[in-house]
Amino acid sequence: MFIVDSVQDIQDMARGAVLLGTGGGGDPYVGELFVRAQIKNGRYPKILSCDEIPDDAFVLSIAGIGAPSVIVEHLVSEKTLHRILARAEAFYGRRVDALISAEIGGANSMFPLALGAISGIPVLDADGIGRAVPHIEMTTFSIYGCKATPGIVMDDSGNVVTIEATDDRMAEDLCRVVTGAMGAMAFGALYPMTGKQAKSFAVQRTITQTLEIGRAIRTAREDSRDIFESLIDYLNSWDGRTARILFDGKITDVTHDTRDGWHFGRATMTGLQDSKDECVVEIQNEFLVCRLNGKTITIVPDLISILDRESGEPLTGEMLTYGQRVKVLGYSADPMLRRPESLEVLGPRMFGIDEEFQPIESLISAA
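Parameters and conventions
- Residues numbered from 1 in each chain as written.
- Predicted model: local features only at pLDDT ≥ 70, side-chain atom pairs only at ≥ 80, totals over all residues.
- Heavy atoms only, no water.
- Disulfide = S-S within 2.5 Å.
- Axes fitted to C-alpha atoms, helices over the stretch in contact; angles between N-to-C directions.
- Helix = DSSP H or I, 4+ residues; strand = E, 2+ residues; numbered from the N terminus.
- Parallel < 35°, antiparallel > 145°, perpendicular 65-115°, else oblique.
- Left-handed = near helix turned anticlockwise from the far one by under 90°.
- Contact = heavy atoms within 4.5 Å.
- Salt bridge = Lys/Arg side-chain N within 4 Å of Asp/Glu carboxyl O.
- Buried < 20%, exposed > 50% of the residue type's maximum accessible area, 1.4 Å probe, protein only.

S.K.: How would you sum up the state of the cysteines? Please name residues and give values.
M.R.: Here a disulfide denotes one covalent bond, and it connects the sulfur atoms of two cysteines. Following the criterion strictly, the structure yields zero disulfides and no others. Free cysteine cysteine 146: the closest other cysteine sulfur is in cysteine 50, separated by 12 Å. Distance from the sulfur of cysteine 175, which forms no disulfide, to the nearest cysteine sulfur (cysteine 146) is 14 Å.

S.K.: Give me the packing of helix α9 (residues 206–222) against helix α10 (residues 227–236): which residues, what numbers.
M.R.: Where α9 meets α10, the axes come as close as 8 Å, and the angle between the chain directions of the two elements is 155 degrees. The pairing of α9 with α10 is recorded here as roughly antiparallel in orientation. Considering the relative orientation of α9 and α10, their crossing is right-handed. Seen from α9, the contacting residues are Thr208, Gln209, Glu212, Ile213, Ala216, Ile217, Ala220 and Arg221; seen from α10, they are Ile227, Ser230, Leu231, Tyr234 and Leu235.

S.K.: Give a description of the pattern of salt bridges that names residues and reports values.
M.R.: In total, this model carries 22 salt bridges according to the counting rule given. Ionic pairing is found between glutamate 78 and arginine 43, a salt bridge with its closest N-O pair at 3.4 Å. Of the two residues, glutamate 78 sits in helix α4 (residues 78–92) while arginine 43 sits in the loop between α2 (29–40) and β2 (46–48), which places them 35 residues apart along the sequence. For arginine 169, the salt bridge is made with aspartate 173, and the minimal N-O distance between the two is 2.7 Å. A residue pair is termed a helical-turn pair when its members lie 3 or 4 positions apart in one helix, as arginine 169 and aspartate 173 do in helix α7 (residues 168–181) at four residues. Given the relative accessible area of 34%, arginine 169 is considered partly exposed. Given the relative accessible area of 34%, aspartate 173 is considered partly exposed.

Rendered as structure tokens:
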């Protein structure tokens, strides 16, 4: 267990969450401000490992649902967080023993911390994917047997819809329709599970990872060390995972389109100075595929992140603009995401990409 009692730690967590969010999940800045305010008022999120809760504990995910470009425009409402917790406990008929992030990326890493701070409910050092994804059924919770529903969706005005779907693909469709009617921004209370399920189905230690990623970037910057060397060293310290810089250049073209509750886009980058290399990253909320001179070098579910090449600050998809000088980072996904049963749900073809998944290690060595 550890207690988040430092504003610096929250800032580091938010930075790390953007990197793991692979461009999606929403900008955590508004959520970060809310949690920082709670810390200044003496209300601290408490983080537990899954091993510290009993098997029969009741665990619930509170997540933002909607287009990242809309989520970033909403302040976090203490009233809404209290309200959705109360409605969820009434709906399920029991108190929530622990909160868990549906995804660790972006804003959705901050919402459980915010609710944990004001309610005193501990937050588990784990999440449902180890990155961000655009669909509800793409979490490890769903893939390995914990259904997203029954659940509720609520907006800031207090409108509430209860959802019970036959499968999580239908739950995704229903939540999207409801969220669209709510202005493309809502909160969901989803994935009711036991402590035993959290231990079995969640990607572990991801809150710790956000903190340590953010800290690695910040301390390297403060000490005038190579930010990307420090970051790569840290990411590679996780067993069985590989991180590489995929490209170093500037954005020469970028498109953004919000439709059907998602952010779609494409970022085209060219090499610096006399380099004729071209890197293209495709976006559907998250960065899905990175191609160098037309050849795929990293593809979902492996992680792709884009960072400012001077500060090392990770960028969301909506932050990308013409002329930015950036570095593209590739990072192998948690091993749970590479299993055959996960790739049936998370593989490139599920995003409309006509390619098979290949690990970043294989793609880079073949490049």
